[in-house]
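Here's the letter readout for the chains.
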Amino acid sequence: MSVATHDDAHAHDHHDHGPAKGFMRWVTTTNHKDIGTLYLITGLIMFFVGGAMALVIRAELFEPGLQYVDPHFFNQMTTLHALIMVFGAVMPAFAGLANWMIPMMIGAPDMALPRMNNWSFWLLPFSFVMLASTLFMDGGAAAAGWTLYPPLVLQTGNALPFTVFTVHMLGMSSIMAAINIIVTVFNMRAPGMTMMKLPLFVWTWVITAFLLIAVMPVFAGAVTMLLTDKFFGTSFFNAAGGGDPVLYQHLFWFFGHPEVYILILPSFGIISSIIPTFSRKPLFGYASMVYATSAIGFLSFIVWAHHQYTVGMPIAGELYFTYATMLIAVPTGVKVFNWLATMWKGAMTFETPMLFAIAFVVLFTMGGFTGLMMSISPADLQYHDTYFIVAHFHYVLVPGAVFALFAAAYYWLPKWTGHMYDERLGQLHFWLTTISVNICFFPQHFVGLAGMPRRIPDYAVQFAEFNAMSSVGAFVFGFSQLIFAYVIYKAIQGGEKATSEVWEGAEAHGLEWHLSSPPPYHSWTEAPPKEIISDLH
Amino acid sequence: MKKTLQLLTSLWSVIWGVAYAETGSGTGVGWGALNLPAGATPLSHDIHDLHMTILWICVAIGVIVYGILIYSLIHHRKSKGVEPAKFHENTKLEILWTIIPFVILIAMAIPATKVMIKVYDTNESEMTIKVTGYQWKWRYEYLTDGLGKGIDFFSSLDAKSNEARQLGSKIDPTTVEHYLLNVDNPLVIPANKKIRILLTAADVLHAWWVPEFGWKKDAIPGFVTDGWIKVEQPGIYRGQCAELCGRDHGFMPIVVVVKPEAEYKEWVAEQLSKKEANKVDLSKTLTLDELNTKGKEVYAANCAACHMPEGEGMAGTFPAIKGSKVALGPIADHVKLVLHGKAAMPAFKDQLNDLETAAVVTYQRNGFGNNKGDSVQPADIQAYK
């Protein structure tokens, strides 16, 4: 057009498909960054909701005796705290990162299935409102633990069907997100971006996505069987009708064990992105990282009954699951050694993302050690269902998965917002969080070994000191997270402009650092130059 | 290594200003310890040793891994002006750190297998006790002739702990002896006999766990699981239910009194004669007041946990008895419900004798302002069973 007027220029802007305005932008969006943001905000909100429930638990456990809540309500809190943290906080946060980062990392304009992407997010708020509403129903929310073991869970009041439907909706959401990620990674990589060039975050998410597709239907099926046992007279889990309560446990953990890797594999990917950047060195052993992740993914399907060493399996079963479980230590060890070798002889700096990544390596390894101890079935006959287990899985999930999420948020926040976050506040958040998380969970190893069962609202007086300590740690941890929320808010509002590279030398570590900060609404409208891709390491 | 651990243990004790050794039950139970108890049975010793072996292997690996990490963090930082190296793989090294852990794992798996085989070996048990988990108490039935056959009783949280643990009781738990770890009727067993424990449950999953005995096992409704104990030293051993079983999961402790064989036999004789003496005299007719007084006790011990002390129940989960259709309806239906249970309501026919059943039904019909005015006699209960 030879005579372009001002108005015409605006008309052309429409072809850029910038975000729509107002609230409806978020409801109808099919943009991977908008959906990523929605997921991340949902994850953060649910982190505070689940955290508040944890603080109810820790307040009640601050000293022996019942001070604040009825035991039945306490059980509802332990159940919902876990369900919300797993399905509401950590999984949506990872899905948010995947949405934001995968198209940018593989050189694509957006996710492959944008409308499904929208649906898969918008199922979540409704699911969580439904789950939260069960707290106000007759009989309260489900109180049988997040594992929802029958026959106890069948004593739930009106909340049971709503809890089951929540699981169904969350499962649908996860499966759609997983399909979307697989299709995107398999079909939308830029020319030159081969599978063995993919950043590990993408690799770990692809494997996670396969795990999700394989196991979410199993969980949905198992809870549906609960539903029919309760309302339609079936006896899947009722011995009096020819069923078996332990069958549920096998079904649950066939889902549940891969699920715990769903919560940790993307963390491995994040840490594998951050450590090289701040060590100013390529990731050590890229190929073995990919193989180790795949091996962990495979092993996750064949070790489930190590959650059930005390149900009275035949000894052959006990021994098989012991050996298979111990094997997981090998690929997990490879990962830790590779991270150490990446740092070795690097030139490290310690910005907040790196601090969280290092704390992840140290504390996740702690959880790995206790995990190895628990894999030994005779020893687990003592550890099972005690606070030792509580300490173990909180070490792998809080300074594990959650620290990886903190690291990721600080690492990519400047990219997302275009502003550097407040480094002083970030470091304050890191130190408060890291010290308090250990004060909270480390003593739980001791009370567990000394004989304190998990899921009890009150305890014998000899456990008092460590429980008090644990509660203090929990409250400091909980309130420290307000700093995190504030840092994010502040970075969105403004601050020092971030360059496109953000971190010194980051361009060598991923395509996302070649886009402006914040990146264009449609990430890579043209494929990135092949030279950039071949230079990545 | 044991010394190092003891040192660390005492260090923690000093830090927290708590004399852990003294908070045990005085029989070497060591509940206040920081570590797994070495225990009182052959299995618990083996499992404790296994635990210590793995723990020290992990500590050793930890020292190496964290040592390398700390060295790296100190020396390989940009502020030291170092140039980052460029290497990014080393096949030999990678194969090495795959194989070495594998070898360590095999070294761990061998003792683990040996211990597990021992755990499962219930052969040559000298006596058998059946343990049934109920919401929220344990039932113990002795099955071996001459060693207590016929003894059958329920074991629940003792009254003092039960009073102190109520929400807002204002009773300081530290003033209650063995708070939450004491029962009304402990399990009594002989020392140095291999005893097979059969486990099952009446309602939901439970798990029977005495840490000093080295293991726990789930009690599953409709199935029987088993394990064995052989306690070397007479004494009192305490444990708890270890599988979430509902509202009062935290309040169904286990207490095992281990007696020398001679004393055990005396105890058995005493129990069996007491059982004979306690048989309910069905010919006796009780007044409404007598039944109500007795019924109130039975109600507090068996019903109040769900239906609440004032019979108001919990909306949605546990129906109220105050003003309920059952308590104000035909007495036959009421007795049958108590005897045989319904959904989450357990069957009480094995838990209560005829006198207790008659008393509690009468109390429920007349207490809480129900004032129905009718009663049922112990002699009538048998007809509904």
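The residue numbering used here restarts from 1 in each chain and proceeds along that chain's sequence as written. For naming, the first written chain is A and the first written ligand is 1, with later ones following in the order written. Local features in this predicted model are restricted to residues whose pLDDT is 70 or higher, and side-chain atom pairs enter the listing and the counts only when it is 80 or higher, whereas totals over whole chains, interfaces and linings include all residues. Here the side-chain values reflect all heavy atoms present in the structure, with hydrogen atoms and water set aside.

Chemist: Just to check I follow, could you spell out the overall build of chain A for this structure?
Modeler: For the purposes of this entry, the term helix denotes a DSSP run of H or I that reaches at least four residues, the term strand denotes a run of E that reaches at least two, and both are numbered from the N terminus. A count of helical and extended segments in chain A gives 18 helices and 0 strands. Note on method: radius of gyration uses C-alpha positions; expected globular size equals 2.2 Å times residues raised to 0.38. Relative to a compact globule of 537 residues, whose C-alpha radius of gyration would be 24 Å, chain A shows 24 Å and is just as compact. Seen through its C-alpha atoms, chain A measures out along the principal axes to roughly 85 × 55 × 45 Å. By definition, residues are in contact when any of their heavy atoms lie within 4.5 Å. Within chain A, contacts between residues at least 6 apart in sequence are counted, and of these 81% link residues at least 24 apart. Here chain A has roughly 17,300 Å² of accessible surface; of this, 71% comes from carbon and sulfur atoms. With 19 positive and 29 negative side-chain charges, chain A shows a spacing of 6 Å between the two charge centroids. The Shrake-Rupley method, run with a 1.4 Å probe sphere, supplies the accessible areas, and residue values consider only the shown protein chains as cover. Charged residues are defined narrowly, with Lys and Arg counted positive, Asp and Glu counted negative, and His plus the chain ends left uncounted. Just so you know, the charge point we use is NZ for Lys, CZ for Arg, CG for Asp and CD for Glu.

Chemist: Which parts of the structure should I look at to understand the overall build of chain B?
Modeler: Regarding its fold elements, chain B presents 11 helices and 10 strands. Since a compact globule built from 385 residues should have a radius of gyration of about 21 Å, the 28 Å found for chain B marks it as more spread out than a globular shape. Expressed as lengths along the three principal axes of its C-alpha atoms, the size of chain B is roughly 95 × 50 × 40 Å. With a 1.4 Å probe rolled over the protein chains alone, any residue whose accessible area is under 20% of its type maximum counts as buried; one over 50% counts as exposed, and the rest are partly exposed. Counting only residues that meet the buried cut, chain B has 49% of its 385 residues in that class.

Chemist: What am I meant to see in a nonpolar patch on the surface here?
Modeler: All names here are of chain A. Residues with no salt bridge and a relative accessible area higher than 30% make up the patches, which join like charges within 9 Å and nonpolar side chains (Val, Leu, Ile, Met, Phe, Trp, Tyr) within 5 Å. We count a salt bridge whenever a side-chain nitrogen from Lys or Arg sits within 4 Å of a carboxyl oxygen from Asp or Glu. A cluster of nonpolar side chains, contributed by Phe 62, Leu 428, Leu 432, Val 472 and Val 476, occupies part of the molecular surface with about 380 Å² of accessible area. Broken down by secondary-structure element, the contributors of at least two residues to the nonpolar patch are helix H16 (423-449) and helix H17 (464-493). One can find Val 472 in helix H17.

Chemist: Which parts of the structure should I look at to understand the pattern of salt bridges?
Modeler: Here the idea is simple: oppositely charged side chains can pair when their charged atoms come close. Residues and elements named next belong to chain B. A complete count under the given rule lists 18 salt bridges over all chains for this structure. Put simply, Lys 130 and Glu 141 hold a salt bridge, and the shortest N to O gap is 3.5 Å. Placement of the pair is Lys 130 in strand E1 (residues 127-134) and Glu 141 in strand E2 (residues 137-142), with a sequence separation of 11 residues. As a salt-bridge pair, Glu 261 and Lys 193 come within 3.2 Å of each other at their nearest N and O atoms. Pair noted here: Glu 261 is in helix H5 (residues 261-277) and Lys 193 is in the loop between strand E4 (187-190) and strand E5 (195-201), with a separation of 68 residues, a long-range link.

Chemist: Is there a simple way to think about the confidence of the model for chain B in this case?
Modeler: Should pLDDT be low for a region, the predicted coordinates there are not to be read in detail. Residues and elements named next belong to chain B. Values of pLDDT, which run from 0 to 100, indicate the predictor's confidence residue by residue. In this model, chain B carries a mean pLDDT of 87, and residues with pLDDT of at least 70 account for 91%. In this model, residues 13-32 is a region of pLDDT below 50 whose contacts with residues beyond four sequence positions or in other chains number 34 contacts. The complex model carries a pTM of 0.90, and its ipTM stands at 0.90.

Chemist: Help me understand the interface of chain A and chain B in this model?
Modeler: Often the size quoted for an interface is simply the accessible area lost on bringing the parts together. Listed per partner, the contact involves 100 residues of chain A and 97 residues of chain B. Once two parts are put together, the accessible area they lose, assessed with a 1.4 Å probe and summed over both, is termed the buried area. Regarding the contact of chain A and chain B, the summed buried area is about 8,600 Å², with carbon and sulfur atoms giving 72% of it. On the surface where chain A and chain B come into contact, there are 2 salt bridges. With a closest N to O distance of 2.8 Å, Asp 70 of chain A and Arg 247 of chain B form a salt bridge. For the purposes of these results, a polar contact is taken to be a pair of N or O atoms within 3.5 Å, where, inside protein, one atom must be able to donate a hydrogen and its partner to accept one; residues adjacent in sequence count only when each atom of the pair is a side-chain atom. Taken together, the connections running from chain A to chain B amount to 25 residue pairs in polar contact (both at pLDDT 80 or more). Breaking the side of chain A that touches chain B down by element, the ones donating at least two residues are helix H4 (71-106), helix H8 (245-262), helix H11 (315-327), helix H12 (329-343), helix H13 (352-375), helix H14 (377-383), H16 and H17 of chain A.

Chemist: In this structure, what is going on with the packing of aromatic side chains? I would like to understand it.
Modeler: Given two aromatic rings, one states the distance between the centres and the angle between the planes to describe the pair. For Phe, Tyr and Trp, rings pair up if their centres lie within 6.5 Å, where Trp contributes its six-membered ring, and each pair is then called stacked (planes under 30 degrees apart), edge-to-face (over 60) or tilted (otherwise). Scanning the model with the defined rule gives 63 aromatic pairs over all chains in all. Summarising the aromatic geometry, the rings of Phe 356 of chain A and Phe 430 of chain A are spaced 5.0 Å apart at their centres and angled 90 degrees between planes, so their arrangement reads as edge-to-face. Of the two residues, Phe 356 of chain A is situated in helix H13 and Phe 430 of chain A in helix H16; the sequence distance between them amounts to 74 residues. Geometry around Trp 228 of chain B places Lys 194 of chain B over its ring, the cationic atom sitting 4.3 Å from the centre. Charge over a ring is defined by NZ of Lys or CZ of Arg lying within 6 Å of the ring centre and within 35 degrees of the ring normal. The ring of Tyr 120 of chain B has Lys 217 of chain B sitting right over it, with the charged end atom 4.7 Å from the ring centre.

Chemist: What's the story with the packing of H11 of chain A against H12 of chain A in this structure? I'm lost.
Modeler: Residues and elements named next belong to chain A. Here H11 crosses H12 at 15 degrees, and the two axes come no closer than 5 Å. What the angle tells us is that H11 and H12 run roughly parallel. Contacts between H11 and H12 pair Thr 325, Met 326 and Leu 327 from the former with Ala 329, Val 330 and Pro 331 from the latter. Residue composition of the contact of H11 with H12, by class: 5 nonpolar, 1 polar and no charged. Think of each axis as a best-fit line through the C-alpha atoms, taken over the contacting stretch in the case of a helix, with angles from 0 to 180 degrees between the N-to-C directions. Orientation categories follow fixed angle ranges, with anything under 35 degrees roughly parallel, anything over 145 roughly antiparallel, 65 to 115 roughly perpendicular, and all other angles oblique. Residues are grouped as follows: nonpolar covers Ala, Val, Leu, Ile, Met, Phe, Trp, Tyr, Cys and Pro; charged covers Asp, Glu, Lys and Arg; every other residue, Gly included, is treated as polar.

Chemist: I keep staring at the side chain of Asp 248 of chain B and nothing clicks. Help me out?
Modeler: Along the polypeptide, Asp 248 of chain B turns up in the loop between strand E9 (235-241) and strand E10 (253-259). In this structure, Asp 248 of chain B is in contact with Pro 71 of chain A together with Trp 136, Arg 165 and Ala 305 of chain B, ignoring residues within four places of it in sequence.

Chemist: How should the sheet that holds strand E8 (residues 225-229) of chain B be read in this particular structure?
Modeler: Sheet strands pair by backbone hydrogen bonding; their relative direction is either parallel or antiparallel. All names here are of chain B. An order of E3-E2-E1-E5-E8 is seen for the 5 strands of this open sheet, with the pairing classed as mixed. Both outer strands of the open sheet, strand E3 (152-155) and E8, are each paired with one neighbouring strand and no more. Between one strand axis and the next, the sheet turns by 25 degrees as a mean value, whatever way the strands run. At least two bridges found by DSSP between two strands is the condition for calling them paired.

Chemist: Quick question: what am I supposed to make of the nonpolar core here?
Modeler: One broad trend across soluble globular proteins is that nonpolar side chains are buried collectively. For this analysis, a nonpolar core means a set of buried residues of the types Ala, Val, Leu, Ile, Met, Phe, Trp, Tyr and Cys, connected via side-chain atoms within 4.5 Å. If you look at the biggest cluster of nonpolar residues, it comprises 255 residues, and the most contacted ones within it are Phe 87, Tyr 248, Trp 339, Tyr 383 and Trp 412 of chain A together with Tyr 142 and Trp 208 of chain B. Take this core: its biggest share by element is 23 residues, from H4 of chain A. With sequence-adjacent residues up to four places away left out, Tyr 248 of chain A is seen in contact with Thr 147, Leu 148, Tyr 149, Pro 150, Phe 219, Ala 222, Val 223, Leu 226 and Phe 237 of chain A. In terms of nonpolar packing, the next biggest core, distinct from the first, is built from 21 residues, Leu 286, Tyr 299, Ala 304 and Ala 358 of chain B among them.

Chemist: Got a minute to help me understand H16 of chain A in this structure?
Modeler: Structural remark: α-helix, 3.6 residues per turn; residues separated by three or four positions point the same way. Residue and element names in this part refer to chain A. How far a helix is expected to stretch is found by multiplying one less than its residue total by 1.5 Å. The end-to-end C-alpha distance of H16, which contains 27 residues, comes to 39 Å, matching closely the 39 Å that a straight helix rising 1.5 Å per residue would cover. In the structure, H16 departs most strongly from a straight axis at Ile 439, where the bend amounts to approximately 25 degrees and where the proline Pro 443 lies between one and four residues downstream. One side-chain oxygen of the residue at the start of H16 lies 3.1 Å from the amide nitrogen of Arg 424, identifying that residue as Asp 422. Gly 451 occupies a position one or two residues after H16 and carries a positive phi of about 120 degrees. The angle separating two fitted axes, one through the seven residues that finish at a residue and one through the seven that start at it, defines the bend at that residue.

Chemist: Would you mind going over the sheet that holds strand E7 (residues 215-219) of chain B with me for this structure?
Modeler: All names here are of chain B. The strand order E4-E10-E9-E6-E7 describes an open sheet built from 5 strands, whose pairing is mixed. At either margin of the open sheet sits one strand with a lone partner, and together these are E4 and E7. Strand-to-strand twist in this sheet, taken as the mean axis angle between neighbours without regard to direction, amounts to 25 degrees.

Chemist: Sorry if this is basic, but what is going on with the packing of helix H5 (residues 114-133) of chain A against helix H6 (residues 159-187) of chain A here?
Modeler: The axes of two packed helices give the description: the angle between them and the distance between them. Residue and element names in this part refer to chain A. Close contact between H5 and H6 brings their axes to 9 Å; oriented N to C, the two are set at 160 degrees. The orientation of H5 relative to H6 falls into the category roughly antiparallel. The two elements H5 and H6 cross, and the hand of that crossing is left-handed. Touching Met 116, Asn 117, Trp 119, Ser 120, Leu 123, Leu 124, Phe 126, Ser 127, Phe 128, Met 130 and Leu 131 of H5 are Phe 162, Thr 163, Phe 165, Thr 166, Met 169, Leu 170, Met 172, Ser 173, Met 176, Ala 177, Ile 179 and Asn 180, all from H6. Here the residues of the contact of H5 with H6 are counted per class, giving 16 nonpolar, 7 polar and no charged. Crossing handedness follows the turn of the near helix against the far one: under a right angle anticlockwise gives a left-handed crossing, and clockwise gives a right-handed one.

Chemist: Looking at this model, I keep getting lost on the pairing of E5 of chain B. Mind explaining?
Modeler: For a regular strand, side-chain orientation follows a simple rule: the groups alternate between the two sheet faces. Residue and element names in this part refer to chain B. Most of E5 sits out of view: 6 of its 7 residues are buried. Inspection of the sheet shows E1 paired to E5 by 7 bridges, in the parallel sense. Considered in E5, the bridge of Thr 128 is made with Arg 196. Where E5 and E8 come together, 5 bridges link them in antiparallel fashion. What sits directly across from Arg 196, in E8, is Trp 228.

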